[in-house]
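Secondary and tertiary structure notes
One-letter residues, chain by chain:
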Amino acid sequence: MELTPILSPSELMRLMQLLKNAKRVVILGHSSPDGDAMGSALGWSEYLRHLGKHVTIVMPNPAADFLKWLPGAQYVLYYTEAEHQQRARRAIQEADLICCLDFNQLSRLRDDVRLLVEKSKAPRLMIDHHLEPDTEAMTMVISRPKASSASELVFRVINELGGYGQMSRSGACCIYCGIMTDTGAFAFNSSDPEVYLIVAMLLAKGIDKDKIYRNVFHCFSTHRLKFWGYMLHEKLNFYAGGRAAIMSYNREEMKEYKYIRGDAEGLVNQPLQVRGCRLSICLREDTELDVIRVSLRSVDDVPCNEISAEFFNGGGHKNASGGELHCTLEEAIKVAEQAIEKYRDIL
């Protein structure tokens, strides 16, 4: 079995020309970068460096602590970090190619980073798997919404460019981590048999998949475990006869449990373990901005992306989406309740 090409011959030639003309490349990921944003960026950067490019990875704000073990993560620049901001700004201004990975709209960047990108005259390459990519903002778009992850697409692109042979174990590790995290350790969005062919090719590079799993999912503090216990016992409420759930938490609760970035990763999935629950909504106060962050997860045909777009100024995948609200946490809970009531008939 061989991987089905995702690039046409003309697309492949166009991409090769873009890369040939570039010397200084910036790779961007979305705000609050997850495993896929980090994994795809680090995997793509290794390939570009193999081509002799000067590569800088810029993320709008820091990734969760449980991703900072990834090979090369220590070199990522986070725009909100004072010691990184000047170098990140200069890298974007001097870039002759900007690669946008794992996001479909420039609005997924912080406004200050977005403005820098919009002012840049460098061509922009998008590699992404979200619906409705902003093609007008890009020079070239590689968008495959049916893909498991941006990391899968990065692997496919590297493979079609002939770069698999030079891929190191470190590069394979990053790409595997991206695929693993965006599929919930292959629990969803991973029914394409070719995903597992890619996994086999990554394993052939010598990666330790069990250790990667432990590094991501078994690396938390006692405070995080107690925080989850508190959330599930005190803050979890079910609606629509148990078919939907809402959880919420504020800054004071995060402070009480010594919350660090990433401690809530996966929390929104927990209510879906209850028999009959088909939609889970998690609301939290942002620690830096006056905004409520919203995470939605669903099963089967419950459209998270539609609910997120209609009620939470967001979007994403059918069964995993996000958004935000500019209101109080109490008001956000009421909006979530309205969303559940609106979609009650399909829950």
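Rules used in this analysis
Residues numbered from 1 in each chain as written. Predicted model: local features only at pLDDT ≥ 70, side-chain atom pairs only at ≥ 80, totals over all residues. Heavy atoms only, no water. Buried < 20%, exposed > 50% of the residue type's maximum accessible area, 1.4 Å probe, protein only. Helix = DSSP H or I, 4+ residues; strand = E, 2+ residues; numbered from the N terminus. Pairing = 2+ DSSP bridges. Polar contact = N/O pair within 3.5 Å; in protein donor to acceptor, adjacent residues only side chain to side chain. Contact = heavy atoms within 4.5 Å. Phe/Tyr/Trp six-rings, centres within 6.5 Å; stacked < 30°, edge-to-face > 60°. Lys NZ or Arg CZ within 6 Å of the ring centre and 35° of its normal.

**What to know about the pairing of strand β8 (residues 244–249)**
Burial analysis of β8 places six of its six residues in the buried class, which makes it a mostly covered element. On β8, burial covers both faces: Ala244, Ile246 and Ser248 on one face and Ala245, Met247 and Tyr249 on the other are all buried. Across three bridges, strand β7 (residues 237–239) lies against β8 in antiparallel orientation. Its bridge partner being in β8, Asn237 is matched across the sheet by Ile246. Hairpin geometry of β7 and β8 is characterised by an intervening segment of four residues between the two adjacent antiparallel strands and by a positive phi of about 50° at Ala240. Relative to strand β9 (residues 279–285), β8 runs parallel, the two sharing six bridges. Considered in β9, the bridge of Ala245 is made with Ser280.

**With respect to the side chain of Glu253**
Along the chain, the position of Glu253 falls in helix α10 (residues 251–256). Within the structure, the side chain of Glu253 is placed 2.8 Å from the side chain of Lys235, a separation counted as a polar contact. Those residues in contact with Glu253, other than ones at most four positions away along the chain, are Tyr230, Lys235 and Ser248.

**A few points about the packing of aromatic side chains**
Applying the stated criterion across every chain, the model contains twelve aromatic pairs. Ring centres 5.8 Å apart and planes at 45° place the aromatic pair Phe186 and Tyr196 in the tilted group. One end of the pair, Phe186, is in the loop between α6 (169–182) and α7 (193–203); the other, Tyr196, is in helix α7, and ten residues separate them in sequence. Both rings, one in Phe227 and one in Tyr257, keep their centres 6.0 Å apart while their planes meet at 55°; by these two values the pair is tilted. In this pair, Phe227 sits in helix α9 (residues 222–235) while Tyr257 sits in the loop between α10 and β9, placing the two residues 30 residues apart along the sequence. Here Phe227 matches Tyr257 in class, with each residue buried. In this structure an aromatic cluster arises from ring pairing among Phe227, Tyr230, Tyr249, Tyr257 and Tyr259. One cation-aromatic arrangement involves Lys205 over Tyr164; the distance from NZ or CZ to the ring centre is 4.3 Å. The ring of Trp228 is capped by Arg224, whose NZ or CZ atom sits 3.9 Å from the centre of that ring.

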